[in-house]
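# Structural description and commentary
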Amino acid sequence: AVLIIQQFCVLTGLPIINVSNYSPENPWKLNSLSSEPSHSSVYLAVLMYSFIITRESQINHKYNLIKYFRADYVVWLCFLWSMLSMKSATAFIYLFFLIVKFVNKKNIIAVFIVFISFYSISTTINSTALSRVKKTAVAILTLDTKAIIDADHSASYRIVPTLFAFKIIDLETSDGWFGKGVDYMKDDLQNQIPGTSEDPSIGSMFTFAVDYGIIPFIIFFIFSIRTCVDRKQFLSIVFLFFGVLLNSINSQLLWFVIIFLYTNKNIV
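### Quick notes on the nonpolar core
Within the largest apolar cluster, 55 residues are counted, with the highest numbers of intra-cluster contacts made by Trp76, Phe79, Leu98 and Phe239. A total of nine residues in this core trace back to one element, the largest contributor, which is helix 2 (residues 37-59). Leu3, Ile16, Leu30 and Met86 belong to the second largest nonpolar core, which has six residues in total.

This is the structure in structure tokens:
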């Protein structure tokens, strides 16, 4: 609802409500209720995944997208409208994750057709975001931090810090085990990533390992696996990696993912 109101404001030229990290050069890239569109897309994807897990608990079998779409069409339409129209490259990545959940031998053709349909529609209305996903994916395969930054500066805040952290961690030194000190990586990333603010809210659990050492990282990693991973749900591992390990420990996004994955695993 907030996203639609923001889009109406853009369309009519009215002041945009609750706007954050907004650029007039990309007027339809809107944040909804979070700080930026990429965060909104993660929140929505995790909520939709949790909705599917809850529905599976209710019906006592796997959720069939084609069979139950009619019953849940309002939820799906709201979800898809938000993910496809907020102009976030991250949204397309998480949409792909959710589509994978529905793939099996019986419906692989139907799921493929649905995916191609959504891809065609989204290409028409949001070609820039898809182009960013493609360029970033190619750059990531090279493991070249400069290429990743050049491909998508926004996405680089989630990927490049981790790559830098892997280069810095050295388990043959005391710093590798006990850390280089609070905010070491934050200060270093200001120099490594162009355009980074003086007080960047960027980083991941791997940069946490640089600051505090590999021992706290291992403890948190074990805690995350025991809390989040459901052996019956492969996507819980995917969300653990992208939603938890690639986010800062002081990020509300990280703890949001942990809370909902824990709920899906232990309560639903």
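From this point, the narrative continues.
### Here's the deal with the packing of aromatic side chains
Tallying each qualifying case throughout the model produces 18 aromatic pairs. Geometrically, the ring pair formed by phenylalanine 256 and phenylalanine 260 is tilted, given 4.6 Å between the ring centres and 35° between the ring planes. Residue phenylalanine 256 and its partner phenylalanine 260 are both found in helix 15 (residues 252-266); the two are separated by four residues, about one turn of the helix. The exposure class assigned to phenylalanine 260 is partly exposed, which follows from its relative accessible area of 24%. Members of the aromatic cluster, connected to one another through ring pairs, are Tyr49, Tyr94, Phe97, Phe239, Phe241 and Phe242. Just above the ring of tyrosine 184 sits the side chain of lysine 180; from NZ or CZ to the centre is 5.4 Å.

### Here's the deal with the confidence of the model for the chain
Averaged over all residues, the pLDDT of the chain is 84; the fraction at 70 or higher stands at 83%. Across the chain, element-level confidence peaks in helix 1 (residues 2-12) with a mean pLDDT of 96 and bottoms out in helix 6 (residues 108-125) with 66.

### Section: the side chain of threonine 90
Tracing the sequence through the fold places threonine 90 in helix 5 (residues 89-101). When neighbours within four sequence positions are excluded, threonine 90 is seen to be in contact with Ser38, Ser41 and Val42.

### A closer look at the side chain of threonine 207
Relative to the helices and strands, threonine 207 resides in helix 12 (residues 205-212). Ignoring sequence-local partners within four residues, the contact set of threonine 207 consists of Pro161, Thr162, Ala165 and Met185.

### A word on helix 1
Along helix 1, the residues that are buried comprise Leu3, Gln6, Gln7, Cys9 and Val10. End-on view of helix 1: buried residues confined to an arc of 155°, all on one side of the axis.

### What about the pattern of salt bridges?
As enumerated under the stated definition, the model contains three salt bridges in all. A salt bridge links aspartate 72 to arginine 55, with the nearest nitrogen and oxygen atoms 3.1 Å apart. With aspartate 72 in the loop between helix 3 (65-68) and helix 4 (73-85) and arginine 55 in helix 2, this pair connects stretches of sequence that are 17 residues apart. Comparing aspartate 72 with arginine 55, the two get one shared label, buried. Glutamate 56 is paired through a salt bridge with lysine 101; the nearest N and O atoms lie 3.3 Å apart. Taken as a pair, glutamate 56 in helix 2 and lysine 101 in helix 5 lie far apart in primary sequence, 45 residues in all. According to the relative accessible area criterion, lysine 101 is buried, its value standing at 17%.

Calculation rules
Residues numbered from 1 in each chain as written. Predicted model: local features only at pLDDT ≥ 70, side-chain atom pairs only at ≥ 80, totals over all residues. Heavy atoms only, no water. Core = buried A, V, L, I, M, F, W, Y, C linked by side-chain atoms within 4.5 Å. Buried < 20%, exposed > 50% of the residue type's maximum accessible area, 1.4 Å probe, protein only. Helix = DSSP H or I, 4+ residues; strand = E, 2+ residues; numbered from the N terminus. Phe/Tyr/Trp six-rings, centres within 6.5 Å; stacked < 30°, edge-to-face > 60°. Lys NZ or Arg CZ within 6 Å of the ring centre and 35° of its normal. pLDDT = per-residue confidence, 0-100. Contact = heavy atoms within 4.5 Å. Arc of directions from axis to C-beta. Salt bridge = Lys/Arg side-chain N within 4 Å of Asp/Glu carboxyl O.

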